[in-house]
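# Residue-level structural notes
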Amino acid sequence: MNYSEKMRLIRWLSQLNLFESNAIDDYSIKLQRRSTRVYIIVLLIALLLLSIYGLFRNETTYIEIQNPTINVYEQLQDRYTLECPCSDVSISFQQIVGLVPTYHEICFSDFVTQRWFEYLFDVSKIASYFPVDFRTSATYQFQLLAILCRLSIQAIEDGLRSFFDTEFITRQLLSKSVFSVQVQTDIDNFKLNAPNEFSYSLDFLRHFLISDALLPATETMSIFYLTQSINQSWFARVDFDGFVSSNYICNCYHSPMCNATAGFFGDQLFDKQQQYIYLGAVDGWVVACYPIDGLLLSTLKSFYNQTELNSIVKFFKNSSDNFTSLDPNKPTRFNPHNVTIQTIAKECFVETWVQHINYSSYFNNCAPKVCAYTVNQRFDIFYTVTTIFGIYSGLTMVLRLVIPMIISFLFRKKNEASNIPKNTTNRLRKFVDTLLQLNLFKSARYTTPHHVNQQRWYTRVYFILFSAIVIILTLYTAINVRVTQIDLAKPSLNIILDLQKRTDISSLQCPCSKLSSPLKNFVKLTPIYHEICSSDFITEAWIVLLTSLSVTDFNEFGAFGPVFRLLQTYCDLAHRTISNGLNLFNEVQFLSNDLLTPDLFESHMRSESLYFQITTPNEFSHLLVLMREIVRVSQFTTGTATNFALDITNKSGNLQGKFRAIDGIANDTGYYCSSIINSNCKRQSILRNLGSYLTFNTIPVTGFYSSKYSSDTLFFSDLRSLYVQSFISTVVIALAKQQSVPFTALSRPSNFSRNTRFESLTNNLFIEYWIELFNYTAYYESCQPLSCTYTIRERLGLVSIIATVIGLVGGLSAILRLLTPYCVDLVLAFYRRQVQPKASQVRESEGKN
Amino acid sequence: MKNFIVISGHFIAVRVRIIRTKILNALFTLNLFENVDKPNPPEHELIAQRLWTRVYLLVLAILLSFVIIFTLFSYQPDTTIINKPTLKIYNDLPSSVDCPCILLSIPYYTFVNINQSFHDVCSSDFVNQDSMWTFMLFKAFLNSGNERANISSFSRMSLLHFQALKVLCTTANRVVHNQVALFLNSSLTSARMMELDQFQNQINAAISNLLSDTIPSRFMHQLELVRGISSRDSLVSAFGTNWQPLIHNETSGSIIYLQPQQYNGSSCNCATSADCMESMMLTLKSGLQQIVPGMLCGCLSIDSLLKSTLEGVYNQTCLDLINESYNFSTPIMALDANGTHFHPINATTINSIAAQLFVERWSVNISFESYFNACQPNTCSYTFYKRFNVLYVVSIFLTFYGGARVILTIVIPIMVPLVHKCLRKSKILNT
């Protein structure tokens, strides 16, 4: 831009006059130019401010896509939060997840076949091996292994089936990442739960067998001996076996977990140092009182090596049979050298999981017909332009009217102040005059007084209409409640809590950046157990005290040792059940798309925790009932020999042994009760006490009832006597052979009444109550919301009201300016047509007169 | 009359012509750029103002029609909020309605009711502890002795058979009640009220999964585990059904060896197989032996029971034979075969009945109304994105029109001469 152009621009600017009129005197022009400058400056400033406001005002735009394909969806997903309602809300996991386990090769090997079981057992054999001999338990152990394999696989397959049947429910299409996280969480939960339950049930059963000292037919735990009494009659005697391990000889009756490395033996078991003389050891294989316990402690080391296997096989009858060893080259996550079968069974023999999450199948199933997203635009050109246009027009209208008035008033004041006396009535009159003479419909062509008058009327009508509409509009915008969506970045917990308390906002949503986290992060459950599980009554000393040898009746309290040992076991089992359950519970992934409010969070956690508290004891009690019932109906022989007899009869010169079930109990009323048909056979327990003059007197033990199985005895009995210190003292005096440690009776207050049977204590896992701690802050931290959105229903602020009204005013006035003259003309024309005939009549009558 | 019409037709034509000329004239002389404060402007100004007017009208019309079309076709949210809706109101709302539940988790029992009827045999005299039947079997059992020879006789084994059946019935019943109660006490988590289809889908899926899969497979799995461990851990039954003592050496202190019981001749022994079993034999009054249909006995009564069928209890002839051979004073009646859906009776093993937990029928009631009442939505809201929102169009139109009018009145007087100049320049350049 050169100098002359600059000068021209300056001149043009200085002479710019937007308020030109007929008055062309210097003074008027000066005034007009001043008005122009003020007008332009004020307009520019106001426009600038309003444009900035308009530009930064949030506005949501809604965009819809019909029949989106997965590609379109994924592209958009990166940029916007899409909402795509599924046409089918529920989809079974079958369709979206592929999950195939592979199992340990042992489950498909020669070692779980009937041929192997039969090979290991000689039906024609009529002699026993030593308990530690591999041949004693082998067939049972491998049959048990086969059962473990079968049931593990079944547990996994059942679990999988029911998992696949589970419906995955989504109302809205989930994005790939959210979907993967959610499905993975479910898969992980399943993988964690499926094996756990099985291994827990197995542990439970093993403890049950031990607690009643049920006799296995293998001569590992006990052996029947033929004995002749003094009067030449034959009877059978049961003796308990044991094992030597690391120089320690243990007995299955006292320590049921005795075990030793299995091997093959000749005629001699021990050398002079009481060490086993192995003809050949089966490396890694263990025998124990029960076949199952030995099996679980064993490793499969020897069965991975064909030569070792052959050397085992040759100890059996016809070594011609061929058995193939396990393949050592097959990859396995269980090291054959040191991983016990127990560990493998705990994992349900699962080697690997082949997993596949199918997002496209999910997408096709969900089949969204439409996807929509809202764009929260600040710089919506269309909106901004219309706003600025509107505001601009309104402003110019207002400013054009107001500024010349102010300017002329300011400058006229100086000149005319002296002429006219300052008087309110004068001023008012002048103001009214100005109002009356105001003409916004001035026309360059129609300047006659008649026209001017008409234009003034237009002006008045226009003003009335205009102000009426503006007032209505202002009131409407002021009263109208608007829903605005507000985004909040990086909200702190306190801010969210404050927002949650407010009642004027709704749909507060704070999407979690971490969708799932384990419950342990924010829930802590602590059980408080009944004092019995920490009392003196489950100590070894008490159990030994009650293992009196001079017992003649099964219902004597002196023989309650196994019952209290069982109690000890149940306490232990209960602890394990709880800790097992708690481990599972802690690992349960808690899913939340959005941060929950503290109330909802707490109610959710409470119901999760309550459900856990109800289900955990329940699992336990089902298995317990089933086991007790099956033991009862099969009348398994017990180590205490209370429920059977081995009768020896002389049949045609040969001695013959036969089992006879002693199922019945003469109960307290003397009525014979058979436990085969009645599961409630019991008799009041008694304490045999050495009375004066060396006579025995028996006293009933309140709350204790005896039965053939220790488990039944325990479950029929209740706690009453254990709260009475004097009774405890009596027991000690009656049974203690020497000075005994003092035993303290129960005393603590409890939620269980004193006549609560052990059965219900056990079913409740001895739990008095739970301490629940829910940590909302920790929940907030694991959710990690990056932003919150909420909608607020609010009236517009002053600035917004003004902006809206001004925006509309411009257009409104323009339209009114266009329409008013026509409306007024039309009304006048109509009015005239009504009035004219009358007027002519009047004129006629005047003429007559 | 005709004349009048002609005249009036002529009259109308004239009027139309007059109006047309008037309009054309008005259009021609239309001047929106006149300076009201400067009447009677010179002719060239007037022509320029008229030109501006035409350009102005054209541009305005284009802009405004664009705005109208744009606003008419854009989607605008329209949110409706309903307070404390009743179910009736809720049902009439569109499916996109959003109703947050007061309770996040609603226990199933508030809106689901599950009932079942069990197999007739579980409530029959066959398993009733106090029935004459049980008493008779018990008496027969006591009288049968413990001879090895009668290990498969009806008199010795039938009591164990029916007691095992009773155990299955009671445990299955217990499991059903317990698991159903557990399920009903668990909660449906839904932050928002589900619509009817989704609700029905989800609840039906959950219940059918529970009833046909979870409960049965759990029960059977536990049962198999208990049976498997107890029989393969070689536990000895006091009934002598799986192991028998064998005295080889008749000297005091010698070991009594335990020999596995053999079944089916000697083809199967209890040491290497848990599934050894043979048919139960009934000794008739005549002393003849007869097979009891469907009833098996083996190493453990629970194992052989599961392989048996219920054929016997539906067969009155068979029951009559039993009544007769034991002189039962009150003859027991067979069950009605129409009362069960487990058919065919002679081929359906008790195992497969147990796999359905002895349940004949499930009846499931799901109440959407109760669910609604438990959810208790305080407010429901739905948003429609609508086109053709007249209020919105008018307000945008007014705003836009107001601004455009003012801007055009300034821009056009500047732009028109500029464009004119440019055109002239290019014309000069071209020529």
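Everything in this summary refers to the structure shown in the same document.

Rules used in this analysis
- Residues numbered from 1 in each chain as written.
- Chains lettered and ligands numbered in written order.
- Predicted model: local features only at pLDDT ≥ 70, side-chain atom pairs only at ≥ 80, totals over all residues.
- Heavy atoms only, no water.
- Disulfide = S-S within 2.5 Å.
- Helix = DSSP H or I, 4+ residues; strand = E, 2+ residues; numbered from the N terminus.
- Buried < 20%, exposed > 50% of the residue type's maximum accessible area, 1.4 Å probe, protein only.
- Phe/Tyr/Trp six-rings, centres within 6.5 Å; stacked < 30°, edge-to-face > 60°.
- Salt bridge = Lys/Arg side-chain N within 4 Å of Asp/Glu carboxyl O.

### Let's talk about the state of the cysteines
Residues and elements named next belong to chain A. Within this structure, the stated rule accounts for eleven disulfides over all chains. Note that Cys107 is cross-linked by a disulfide to Cys149, the S-S spacing being 2.0 Å. The sign of the S-S torsion, about -80°, decides the handedness of the disulfide formed by Cys107 and Cys149: left-handed. Pair noted here: Cys107 is in the loop between strand S4 (97–103) and helix H5 (114–119) and Cys149 is in helix H6 (residues 134–165), with a separation of 42 residues, a long-range link. Under the relative-accessibility criterion, Cys149 is labelled buried at 3%.

### Here we look at the packing of aromatic side chains
Residue and element names in this part refer to chain A. One pass over the full model with this rule turns up 71 aromatic pairs over all chains. A centroid spacing of 6.4 Å and a plane angle of 65° characterise the contact between Phe121 and Tyr140, whose relative ring orientation is edge-to-face. With Phe121 in the loop between H5 and H6 and Tyr140 in helix H6, the pair connects residues that are 19 residues apart, well separated along the chain. Comparing Phe121 with Tyr140 shows no difference in burial state: the two are buried. Through successive ring pairs, a cluster of aromatic residues spans Phe111, Trp116, Tyr119, Phe134, Phe142, Phe264, Trp285, Phe303, Phe315, Phe316 and Phe323.

### A few points about the pattern of salt bridges
Residues and elements named next belong to chain A. Evaluation of the coordinates by the stated rule reveals 24 salt bridges over all chains. Asp158 is the salt-bridge partner of Arg161, the closest N and O atoms lying 3.3 Å from each other. Taken as a pair, Arg161 and Asp158 lie in helix H6 at a separation of three residues, close to a single helical turn. Residues Asp293 and Arg206 are paired through a salt bridge, measuring 2.6 Å at the closest nitrogen-oxygen approach. Taken together, the residues span a long stretch of sequence, with Asp293 in helix H8 (residues 291–297) and Arg206 in helix H7 (residues 176–211) at a distance of 87 residues. Each member of the pair, Asp293 together with Arg206, is buried. One salt-bridge network, in which partners are shared between bridges, spans Asp203, Arg206, Asp293 and Arg576.

### Brief notes about unusual backbone geometry
Residue B:Pro344 follows B:His343 across a cis peptide bond; omega there is -10°. For A:Cys348, which is not a glycine, the phi torsion comes out positive at approximately 55°. As for its position among the elements, A:Cys348 is in the loop between helix H10 (341–346) and strand S12 (350–357). The class of A:Cys348 is buried, set by a relative accessible area of 0%.

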